[in-house]
Amino acid sequence: MDSKENGVDNGAEQSGRRGFLSKSAALGLAGVTLGLVACKEEAAKGGEAAPQKAGASKEIAPGQLDEYYAFISAGHGGEARVLGLPSGRTLKRIPVFNTDCMVGWGVTNESKAIMGTKADGSLKYTTGDTHHVHGSYKDGTYDGRWLFVNDKIHSRLARIRMDTMECDKIVELPNVMGFHGLFTDKCDPVDTKINYTTRVFCGGEFHIPLPNDGRDLDDPTKWGTLFSCVNAETMELKWQCRIDGNNDLVATSYDGKLAASNQYNTENAADLNGMMAAERDACVFFNIERIEALVKAGKFTTIGGSKVPVVDGRKAANSDPKTAVTCYVPVGKNPHGVNASPDGKYFVCSGKLSPTATVIELKRVLAWFNGELKEPRDAVVAEPEIGLGPLHTAFDGKGNAYTSLFLDSQCVKWNVDAAIAQFKGDKTAKVIIEKMDVHYQPGHNYSSMGETKEADGKYLNSGNKFSKDRFLPVGPLHPETEQLIDISGSKMHLVADHTAYSEPHDGIIVRRDVVKTRQIYNMDDFPNAVKPENAGIERHGNKVHVRLMSQAPAYSMPIIKVKKGDEVTLTLTNHDKVEDLTHGCALPTYNINFIVNPQETKSVTFKADHAGAFWLYCTHFCHALHLEMRSRFLVEA
Ligand code: K7E
Ligand code: CUA
Ligand code: CA
């Protein structure tokens with residue numbers, strides 16, 4: 001077996017690849033690297049020295065189940081994905097903002113109603129760009145109820161039920177463009193009995209005219225960005241807060257009092273050079289209790305046709321800390337990423353164009369809001385130099401942070417307490433514990449249960465933006481890599497490379513016992529369920545309702561007859577009760593294909609605009625007589 005075959009890189013080959021990579025990165029990012037401050041940290045290249053076992057101890061043998069679920073975004077594929085970890089097996093792809101003909105997402109009436117339609121019934125959008133997936137919380141950890149995921153393109157928030165792992169609601173944010181960062185709250189800021197998620201915070205990244213109706217096109221200085229709060233239960237907008245600068249990622253505190261977003265464009269600039277002008281940018285904190293008090297007191301405006309209350313969080317309106325709703329804490333240049341430590345004490349903001357991570361103590365931010373801290377910057381308790389191009393930070397629950405270094409193609413493990421001691425002047429503090437090479441150019445990383453109080457320090461996933469030659473080539477576009485790193489011991493070690501089809505951003509790793517899925521649906525949850533008493537064909541003028549049932553290996557009607565020109569609604573209820581006994585329903589030349597799971601009902605509406613005989617058939621293998629499961633759909637001329 002050569003070195004490549006057993007998945008272990010030899011050093012020479014690896015350094016060759018890395019050399020090529022760093023050269024291409026420097027070229028591609030010429031403008032950006034100019035802005036980089038040299039990193040003084042001369043940490044050893046821990047990764048090459050670290051033992052890279054082939055992962056035998058982590059192998060999930062056939063028939064064995066994984067320890068964790070990973071719920072990840074699929075970037076501009078528009079869906080969410082479910083993996084088993086540590087195996088990296090893809091368990092499910094959940095269509096959200098994309099269309100998917102396997103399940104019929106974007107095909108059925110039910111999915112179209114969730115996705116949103118135009119007046120003619122066609123889909124309003126068929127594209128999406130998911131970046132962030134976060135779960136709902138109870139008592140500081142996942143409650144297994146919901147996942148939330150953003151669409152950056154059309155500024156939509158979607159909710160996924162974790163029991164069925166299907167999207168059940170989507171809302172479009174008004175007066176926002178480039179909805180990027182997203183995080184659920186973990187507690188109510190006032191009522192501590194509400195120790196579970198009731199809000200979802202959404203950061204708007206791009207400045208736009210407010211409202212965006214053709215005004216101010218030539219004057220970007222008048223444009224603005226909003227931070228939005230959505231009711232997690234109803235998925236309706238609660239309020240928005242207008243800010244100076246922009247929002248990027250979002251984090252929330254465990255006590256529910258604070259949410260924050262890192263800002264790389266405090267300059268309010270409209271071009272690249274302008275956005276890199278300032279030496280420092282900021283992390284903007286939102287005082288949730290005060291914002292909601294203003295809304296309650298009617299101290300808000302609205303924008304354009306939107307009725308959503310908009311509170312003013314700009315600096316000019318918030319100079320007095322005791323009444324301010326926002327606090328802008330200066331951090332390193334053009335930061336990317338803000339993450340909450342599992343002990344509830346700190347947010348960490350990475351520098352991106354500064355080789356630093358900024359540690360902000362939440363207690364001090366609250367002190368600033370009480371008028372007890374002189375400057376917002378005084379909330380910073382550490383700012384270690386950790387490497388080039390720091391982006392996102394994960395935690396192990398043992399006091400260590402793991403930050404992805406995009407330009408260095410590394411993951412750096414550092415100690416938060418040591419960083420704080422160093423910031424206070426302790427020159428002996430050993431902040432950097434280990435640097436490990438990842439392949440290559442990591443974006444997000446995330447650890448097992450790392451965004452909860454139950455962070456267990458077992459696994460870290462590094463979502464790498466380039467795989468280069470880690471995998472067989474598949475044409476000009478390569479798959480990306482998800483690298484699973486065992487962080488349970490004193491040294492990190494690489495457990496596995498998983499491919500990720502373009503392109504991975506954020507995700508969460510959830511203990512499997514948290515997730516409780518349904519075995520079958522409940523027929524009564526579908527008001528349009530077809531039962532023996534209403535099955536058949538009903539006609540009102542040229543509107544025809546075909547009510548069909550499935551039970552392996554047959555549909556309830558062998559012949560379905562309609563007339564050319566009819567508007568046909570076909571509703572199908574699956575009467576099979578056995579777990580996983582799903583049927584499909586495809587209608588050739590009519591562009592219809594969807595599935596119905598056990599006890600589930602779906603419907604489609606279409607115009608029977610061409611005559612002929614069409615075999616309506618089952619697409620999902622269900623029975624020995626699956627191929628025979630078909631009915632004649634006859635359209636009379
Ligand atoms: Cu990919 Cu979270 Cu959109 Cu960073 S963001 S990588
Ligand atoms: Cu029913 Cu295949
Ligand atoms: Ca900037």
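Residues numbered from 1 in each chain as written. Chains lettered and ligands numbered in written order. Predicted model: local features only at pLDDT ≥ 70, side-chain atom pairs only at ≥ 80, totals over all residues. Heavy atoms only, no water.

## Points about the overall build of the chain
Then, in step 1: Broken down by element type, the chain carries 8 helices and 39 strands.
Then, in step 2: At 26 Å, the chain has a C-alpha radius of gyration in line with the 26 Å of a compact globule built from 637 residues.
Then, in step 3: Its C-alpha atoms give the chain principal-axis dimensions of roughly 85 × 70 × 50 Å.
Then, in step 4: In the form shown here, the chain has an accessible surface area of approximately 26500 Å², with 53% of it arising from carbon and sulfur atoms. (Helix = DSSP H or I, 4+ residues; strand = E, 2+ residues; numbered from the N terminus. Rg over C-alpha atoms; globule rule 2.2 N^0.38 Å. Areas by Shrake-Rupley, 256 points an atom, 1.4 Å probe, with all protein chains shown as cover.)

## Thoughts on the site of ligand 1
Then, in step 1: All residues in the neighbourhood of ligand 1 are listed as His 131, His 132, His 180, Leu 249, His 336, His 392, Gly 443, His 444, Lys 465 and His 505.
Then, in step 2: Residues belonging to the shell around ligand 1 are distributed by class as follows: 1 nonpolar, 8 polar and 1 charged. (Near = heavy atom within 4 Å. Nonpolar A, V, L, I, M, F, W, Y, C, P; charged D, E, K, R; others polar.)

## Let's talk about the UniProt feature "domain: Cytochrome oxidase subunit II copper A binding" (unreviewed entry) in the chain
Then, in step 1: Taking the UniProt record as the reference, the feature "domain: Cytochrome oxidase subunit II copper A binding" (unreviewed entry) is found at residues 541-637.
Then, in step 2: Taken end to end, residues 541-637 comprises 0% helix and 56% strand; its first and last C-alpha atoms sit 16 Å apart. (UniProt positions renumbered as here; feature names shortened; annotations may be inferred.)

## Digging into the coordination of the calcium ion (ligand 3)
Where a metal carries four tetrahedral donors, each ideal angle is 109.5 degrees; where it carries six octahedral donors, the ideal angles are 90 or 180 degrees.
Then, in step 1: Looking at the calcium ion (ligand 3), one finds its protein donor set to be Tyr 264 (O), Glu 267 (OE), Glu 267 (OE), Met 275 (O), Asp 281 (OD), Asp 281 (OD) and Asn 334 (OD1), positioned 2.3 to 2.7 Å from the metal centre.
Then, in step 2: Each donor residue of the calcium ion (ligand 3) belongs to the same chain, with the gaps between them written as Y-x2-E-x7-M-x5-D-x52-N. Of this pair, Asp 281 sits in strand β14 (residues 280-287) while Asn 334 sits in the loop between β16 (326-332) and β17 (338-340); the two residues are 53 residues apart in sequence, bridging distant segments of the chain. For the residue pair Asp 281 and Asn 334, the accessibility class agrees, reading buried in each case. (Donors = N, O, S within 2.8 Å, 3.2 Å for Na, K, Ca; no water. Buried < 20%, exposed > 50% of the residue type's maximum accessible area, 1.4 Å probe, protein only.)

## Let's talk about the sheet that holds strand β20 (residues 380-382)
Then, in step 1: Strand order across the open sheet formed by 4 strands is β17-β18-β19-β20, with antiparallel pairing between neighbours. Taken across any chain shown, the strands that pair with only one partner, and hence form the sheet edges, are β17 and β20. Going across the sheet, the axis of each strand differs from the next one's by a mean of 35 degrees, ignoring polarity.
Then, in step 2: As paired elements, strand β18 (residues 346-350) and strand β19 (residues 357-361) share 5 bridges and run antiparallel to each other. Opposite Phe 347, over in β19, you have Ile 360 as the bridge partner.
Then, in step 3: Contacts from helix α7 (residues 362-369) reach β18, β19 and β20, with the element oriented near 60 degrees to β19.
Then, in step 4: Helix-sheet contacts for helix α8 (residues 416-423) involve β18, β19 and β20, and the interaxial angle to β20 is about 105 degrees. (Pairing = 2+ DSSP bridges. Axes fitted to C-alpha atoms, helices over the stretch in contact; angles between N-to-C directions. Contact = heavy atoms within 4.5 Å.)

## Details of the packing of aromatic side chains
Then, in step 1: Counted by the stated rule, this structure contains 15 aromatic pairs.
Then, in step 2: Centre to centre, the rings of Phe 201 and Trp 239 are 6.1 Å apart; their planes meet at 45 degrees, and the pair counts as tilted. In this pair, Phe 201 sits in strand β9 (residues 199-206) while Trp 239 sits in strand β11 (residues 237-243), placing the two residues 38 residues apart along the sequence. Summarising the burial analysis for this pair, Phe 201 and Trp 239 share the class buried.
Then, in step 3: Connected via pairs of aromatic rings, a cluster forms that spans Phe 201, Phe 227, Trp 239 and Phe 286.
Then, in step 4: Above the face of the Tyr 254 ring, Lys 186 is positioned so that its terminal group lies 4.4 Å from the ring centre.
Then, in step 5: Above the face of the Tyr 328 ring, Lys 315 is positioned so that its terminal group lies 4.9 Å from the ring centre. (Phe/Tyr/Trp six-rings, centres within 6.5 Å; stacked < 30°, edge-to-face > 60°. Lys NZ or Arg CZ within 6 Å of the ring centre and 35° of its normal.)

## A short note on the side chain of Thr 164
Then, in step 1: Note on placement: Thr 164 falls in the loop between β6 (156-161) and β7 (166-172).
Then, in step 2: Residue Thr 164 is classed as buried on the basis of its relative accessible area of 11%.
Then, in step 3: Once you skip the residues sitting within four places of it in the chain, Thr 164 turns out to touch Lys 92, Arg 518 and Tyr 521.

## Regarding the nonpolar core
Then, in step 1: The biggest cluster of nonpolar side chains holds 44 residues, and the ones touching the most others in it are Phe 71, Val 96 and Trp 239.
Then, in step 2: Phe 71 has contacts with Arg 81, Val 82, Val 133, Leu 147, Met 162, Met 165, Asp 506, Gly 507, Ile 508, Val 510 and Val 515, leaving out every residue within four places of it along the chain.
Then, in step 3: Counting 28 residues, the second-largest nonpolar core is a separate cluster that includes Met 557, Leu 572, Cys 585 and Val 604. (Core = buried A, V, L, I, M, F, W, Y, C linked by side-chain atoms within 4.5 Å.)

## Regarding the pattern of salt bridges
Then, in step 1: All chains considered together, the criterion is met by 31 salt bridges.
Then, in step 2: A salt bridge links Arg 215 to Asp 213, with the shortest nitrogen-to-oxygen separation between them at 2.7 Å.
Then, in step 3: Judged by its relative accessible area of 37%, Arg 215 is partly exposed.
Then, in step 4: Looking at Asp 213, the relative accessible area reads 49%, which means it is partly exposed.
Then, in step 5: In this structure, Lys 602 engages Glu 600 in a salt bridge whose closest nitrogen and oxygen atoms are separated by 3.8 Å. The pair formed by Lys 602 and Glu 600 is uniform in burial state, with each residue classed as buried. (Salt bridge = Lys/Arg side-chain N within 4 Å of Asp/Glu carboxyl O.)

## Some details on the pairing of strand β27 (residues 480-486)
Then, in step 1: By the criterion of burial, β27 is predominantly enclosed, with 7 of the 7 residues buried.
Then, in step 2: Alternating residues of β27 divide into Glu 480, Glu 482, Leu 484 and Asp 486 and Thr 481, Gln 483 and Ile 485, and every residue in both groups is buried.
Then, in step 3: By the bridge criterion, 7 bridges tie β27 to strand β28 (residues 493-500) in an arrangement that is antiparallel. Paired with Leu 484 across the strands is Ala 496, a residue of β28.

## Focus on the sheet that holds strand β1 (residues 68-73)
Then, in step 1: With antiparallel pairing, 4 strands are arranged side by side in an open sheet as β3-β2-β1-β29. The open sheet terminates on both sides in strands that have one partner only, identified here as β3 (89-95) and β29 (507-511). For this sheet the average axis-to-axis angle between neighbouring strands, irrespective of direction, equals 20 degrees.
Then, in step 2: Here strand β2 (residues 79-85) pairs with β3 via 6 bridges, running antiparallel. Looking at the pairing, Leu 83 lines up with Thr 90 of β3.

## Remarks on the layout of surface pockets
In this approach the atoms are scanned with a rolling probe the size of a water molecule, which exposes any empty space left behind.
Then, in step 1: Approximately 1600 Å³ is the volume found for the largest pocket.
Then, in step 2: What lines the largest pocket is a set of 49 residues, and nearest its centre among them are Lys 92, Thr 164, Met 165, Glu 166 and Tyr 521.
Then, in step 3: Counting residues per element, the ones that place at least two in the lining of the largest pocket are β1, β2, β3, α4 (109-115), β7 and β37 (601-607).
Then, in step 4: Ranked by residues supplied to the lining of the largest pocket, first place goes to β3 with 6 residues.
Then, in step 5: Of the residues belonging to the lining of the largest pocket, the class tally is 19 nonpolar, 13 polar and 17 charged. (1 Å grid on protein atoms, 1.4 Å probe; cavity = no way out; pocket = protein on both sides within 12 Å on 5 of 7 lines; lining within 4 Å. Points joined across faces, edges and corners; volume = space filled by probe spheres on them.)

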